[in-house]
Amino acid sequence: VQLQASGGGLVQPGGSLRLSCATSGIIRAMYAVGWYRQAPGNQRELVARIISGGSTNYADSVKGRFTISRDSAKNTVYLQMNSLKPEDTAVYYCNADLRNGLGFRRDYWGQGTLVTVSS
């Protein structure tokens with residue numbers, strides 16, 4: 001199983017970006033999929049995730065500004081980020097808690113995509 005993240009870049013405060021995370025490989029079950037971020041000097045933190053069944057979790061700092069969604073047909077999860085702030089600057093990682101083709105449940109991580117919010 002592989003996760004391929006894309007969509008990061010440089011954006012001005014107040015701007016928007018959409019991150020994408022495409023999953024590939026044999027997946028028997030997806031328990032949760034989402035996005036984490038890590039800013040320099042900080043620990044990695046949950047940004048948003050979709051749990052099996054469709055419920056979503058958001059960090060308090062992004063509620064009302066970020067929206068996570070999933071296109072099951074494309075095996076892709078998106079993070080729409082609006083009203084971006086300089087404090088959103090970080091490397092964003094997609095994550096999936098899933099059961100792979102061999103039957104093992106584990107966490108998978110994408111390679112990270114850098115989001116820089118600056119004027």
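Residues numbered from 1 in each chain as written. Predicted model: local features only at pLDDT ≥ 70, side-chain atom pairs only at ≥ 80, totals over all residues. Heavy atoms only, no water.

Scanning the entire structure with this criterion turns up five salt bridges. The closest approach of N and O atoms between aspartate 88 and arginine 37, which form a salt bridge, is 3.0 Å. With aspartate 88 in the loop between strand E8 (76-81) and strand E9 (90-100) and arginine 37 in strand E4 (residues 27-38), the pair connects residues that are 51 residues apart, well separated along the chain. Residue classification places aspartate 88 among the buried residues on the basis of a relative accessible area of 0%. For aspartate 60, the salt bridge identified is with lysine 63, shortest N-O distance 3.1 Å. On the basis of relative accessibility, which here comes to 65%, the residue aspartate 60 falls in the exposed class. Beyond isolated ion pairs, a larger network of salt bridges with shared partners links Arg37, Glu45, Arg65 and Asp88. (Salt bridge = Lys/Arg side-chain N within 4 Å of Asp/Glu carboxyl O. Helix = DSSP H or I, 4+ residues; strand = E, 2+ residues; numbered from the N terminus. Buried < 20%, exposed > 50% of the residue type's maximum accessible area, 1.4 Å probe, protein only.)

The next point concerns the sheet that holds strand E7 (residues 66-71). Here four strands make up an open sheet; going across it, the order is E1-E3-E8-E7 and the pairing antiparallel. Two strands lie at the open edges of the sheet, namely strand E1 (2-6) and E7, each paired on one side alone. Averaged over all neighbouring strand pairs, the angle between strand axes comes to 15°, with direction disregarded. Relative to E8, E7 runs antiparallel, the two being bridged by six bridges. In the strand pairing of E8, aspartate 71 is matched with threonine 76. (Pairing = 2+ DSSP bridges. Axes fitted to C-alpha atoms, helices over the stretch in contact; angles between N-to-C directions.)

Attention now moves to the nonpolar core. Counting 29 residues, the largest nonpolar core has Trp35, Val47, Phe66, Leu79, Met81 and Tyr92 as its most contacted members. Looking at this core, the elements that each hand over two or more residues are E1, strand E3 (17-24), E4, strand E5 (45-51), E7, E8, E9 and strand E11 (113-117). Looking at this core, the element that brings in the most residues is E9, giving five residues. (Core = buried A, V, L, I, M, F, W, Y, C linked by side-chain atoms within 4.5 Å.)

Turning to the packing of aromatic side chains, a few remarks are in order. Inspection of every chain in the model, using the stated rule, returns two aromatic pairs. For the ring pair tyrosine 36 and tryptophan 109, a centre distance of 5.1 Å and an interplane angle of 65° mean the geometry is edge-to-face. Residue tyrosine 36 is found in strand E4, and its partner tryptophan 109 is found in strand E10 (residues 105-109); the two are separated by 73 residues along the sequence. Ring geometry for tyrosine 93 against tryptophan 109: centres 6.5 Å apart, planes inclined by 85°, an arrangement best described as edge-to-face. Taken as a pair, tyrosine 93 in strand E9 and tryptophan 109 in strand E10 lie far apart in primary sequence, 16 residues in all. Residue class for tryptophan 109 comes out partly exposed when judged on its relative accessible area of 37%. Here the aromatic residues Tyr36, Tyr93 and Trp109 are joined through ring pairs into a cluster of three or more. The ring centre of tryptophan 109 lies 4.6 Å from the NZ or CZ of arginine 44, which sits over that ring. (Phe/Tyr/Trp six-rings, centres within 6.5 Å; stacked < 30°, edge-to-face > 60°. Lys NZ or Arg CZ within 6 Å of the ring centre and 35° of its normal.)

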